[in-house]
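# Inside the fold
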Amino acid sequence: MATYDLTIPISEEAVRALHVGDAVRLSGVMVTGRDAAHKYMIETFIRADAVPESEQLLYEELQRILRGGIIYHCGPVVRQLPPPAPPPIVGGGWEFVAAGPTTSIREEVYEPEIIAHFGMRGVIGKGGMGPGTLRACQEHGAVYFHAVGGAASLIADTVKEVVTVYKKDELGVPEAFWVIRVEGFPVVVTMDSHGRSVHDEVEAASKAALERLLAGGR
């Protein structure tokens, strides 16, 4: 196990150097996305015959952010700042109050295609993901980063700027695409590009222990 400081966007070489158990501090620009955001990307960009003209600019922006980038499974608690004196604050004057991870497995039906399509290098969340995402990490050079649940305020302190937000009115605050700049965002690699998942290992060990108990052993 090692500790790394990585700047987003991240190269494939840097990601493939990571292994399960490595601690990482992330800095740079990333985007949040939960269920509605993932469904939107799949239906509007990835599986659509053509990207609607009305969504083209957002598609190009997400391509820019996610190429070598990271999506964070998070429904933040945000606060709008008082209107500033001109010029206006970038991102509309929002700040993150709490930014804890949400359960990632809900995005398993979407994530492999999103990793492949956008060329992402990482996913942040909690609880891990399934075999499709693990396979996509191997094939495309990505990892799953586990963020600490229950540390929403601590994580929010690493969010130094809300760059902008997309689809807030259509999807709602928790489900919107929040583009944020972070410094020293703390995570641990729990699924790597070498086919290892600590979540699978814990599940297998727990199942074996349960079977021993049911059989009357220790």
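Look up: the structure comes first, before these words.
This one's a predicted model, so the numbers in the text were calculated from it and none came from an experiment.

## What about the overall build of the protein?
When its secondary structure is counted, the protein shows 8 helices and 9 strands. Taking 17 Å as the expected radius of gyration for a compact globule of 218 residues, we find that the protein reaches 18 Å, a close match to that expectation. Over its C-alpha atoms, taken along the principal directions, the protein stretches across nearly 70 × 40 × 35 Å. Across the 218 residues of the protein, 46% fall into the buried class. Considering only contacts in the protein between residues 6 or more positions apart, those separated by 24 or more positions represent 65%. If you average the places of the 20 positive and of the 28 negative side-chain charges in the protein, the two averages end up 5 Å apart.

## Quick look at the packing of aromatic side chains
Taken as a whole and judged by the stated rule, the model has 7 aromatic pairs. Here the aromatic rings of Trp-94 and Trp-178 are separated by 5.5 Å at their centres, their planes lie at 75 degrees, and the arrangement is edge-to-face. Separated by 84 residues along the polypeptide, Trp-94 in strand β5 (residues 94–98) and Trp-178 in strand β9 (residues 177–191) bring together distant segments of the chain. In terms of burial, Trp-94 and Trp-178 fall into one category: buried. Aromatic rings pair up to connect Tyr-40, Phe-45, Tyr-59, Phe-118 and Phe-177 into one cluster.

## Notes on the nonpolar core
Core analysis: the biggest nonpolar cluster contains 31 residues, and Leu-26, Met-30, Phe-96, Ile-124, Phe-145, Trp-178 and Phe-185 have the highest contact counts within it. For this core, the secondary-structure elements that each account for two or more residues are β2 (23–32), β3 (70–72), β5, β7 (143–146), α6 (152–156), β8 (159–166) and β9. Ignoring any residue separated from it by four or fewer positions in sequence, one finds Phe-96 in contact with Thr-32, Pro-76, Val-77, Val-78, Ala-156, Val-159, Val-162, Trp-178 and Ile-180. By size, the runner-up hydrophobic cluster in this structure holds 28 residues, among which are Leu-58, Phe-118, Tyr-144 and Val-179.

## Some details on helix α5 (residues 131–140)
Burial in α5 covers these residues: Gly-132, Thr-133, Leu-134, Ala-136 and Cys-137. Just downstream of α5, Gly-141 is the residue with a positive phi angle, here 75 degrees.

## Considering the pairing of β9
With 8 bridges connecting them, β2 and β9 associate as antiparallel partners. Following the sheet pairing, Val-24 is matched in β9 by Val-187. Of the pairings in the sheet, the one linking β7 to β9 comprises 3 bridges and is antiparallel in character. Within the sheet, the bridge partner assigned to Tyr-144 lies in β9 and is Met-191. Where β8 meets β9, 6 bridges bridge the pair, whose relative direction is antiparallel. In the strand pairing of β9, Glu-161 is matched with Arg-181.

## Re helix α2 (residues 35–46)
An α-helical segment advances 3.6 residues per turn. Residues three or four places apart therefore align on the same side. Here α2 spans 15 Å end to end across 12 residues, near enough to the 16 Å set by a 1.5 Å rise per residue. All buried positions along α2 are accounted for by Ala-37, His-38, Tyr-40, Met-41, Ile-42, Thr-44, Phe-45 and Ile-46. As for α2, its buried residues are in contact with α3 (56–66), β3, α4 (111–118), α7 (168–171) and β9.

## Quick look at the side chain of Thr-190
Secondary-structure assignment places Thr-190 in strand β9. In terms of polar contacts, Thr-190 uses its side chain to reach the side chain of His-199, at 2.8 Å. Apart from the residues within four sequence positions on either side, Thr-190 is in contact with Val-20, Tyr-144, His-146, Arg-196, Ser-197, Val-198 and His-199.

## Observations regarding unusual backbone geometry
Across the junction of Ile-8 and Pro-9, the peptide omega takes the value 0 degrees, indicating a cis bond. Mapped onto the secondary structure, Pro-9 falls in the loop between β1 (3–7) and α1 (12–16). Phi is positive for Lys-167, close to 65 degrees, though the residue is something other than glycine. Structurally, Lys-167 can be placed in the loop between β8 and α7.

## Focus: the packing of α2 against α3
Packing of α2 against α3 brings their axes to within 11 Å, and their N-to-C directions diverge by 115 degrees. In terms of crossing hand, the pair formed by α2 and α3 is left-handed. Together, Tyr-40, Met-41 and Phe-45 of α2 and Leu-58, Tyr-59, Leu-62 and Leu-66 of α3 make up the contact between the two elements. Per-class residue counts for the contact of α2 with α3 are 7 nonpolar, no polar and no charged.

Thresholds, definitions, all that
Residues numbered from 1 in each chain as written. Predicted model: local features only at pLDDT ≥ 70, side-chain atom pairs only at ≥ 80, totals over all residues. Heavy atoms only, no water. Helix = DSSP H or I, 4+ residues; strand = E, 2+ residues; numbered from the N terminus. Rg over C-alpha atoms; globule rule 2.2 N^0.38 Å. Buried < 20%, exposed > 50% of the residue type's maximum accessible area, 1.4 Å probe, protein only. Contact = heavy atoms within 4.5 Å. Lys, Arg positive; Asp, Glu negative; His and termini not counted. Charge placed at Lys NZ, Arg CZ, Asp CG, Glu CD. Phe/Tyr/Trp six-rings, centres within 6.5 Å; stacked < 30°, edge-to-face > 60°. Core = buried A, V, L, I, M, F, W, Y, C linked by side-chain atoms within 4.5 Å. Pairing = 2+ DSSP bridges. Expected span 1.5 Å × (residues − 1). Polar contact = N/O pair within 3.5 Å; in protein donor to acceptor, adjacent residues only side chain to side chain. Axes fitted to C-alpha atoms, helices over the stretch in contact; angles between N-to-C directions. Left-handed = near helix turned anticlockwise from the far one by under 90°. Nonpolar A, V, L, I, M, F, W, Y, C, P; charged D, E, K, R; others polar.

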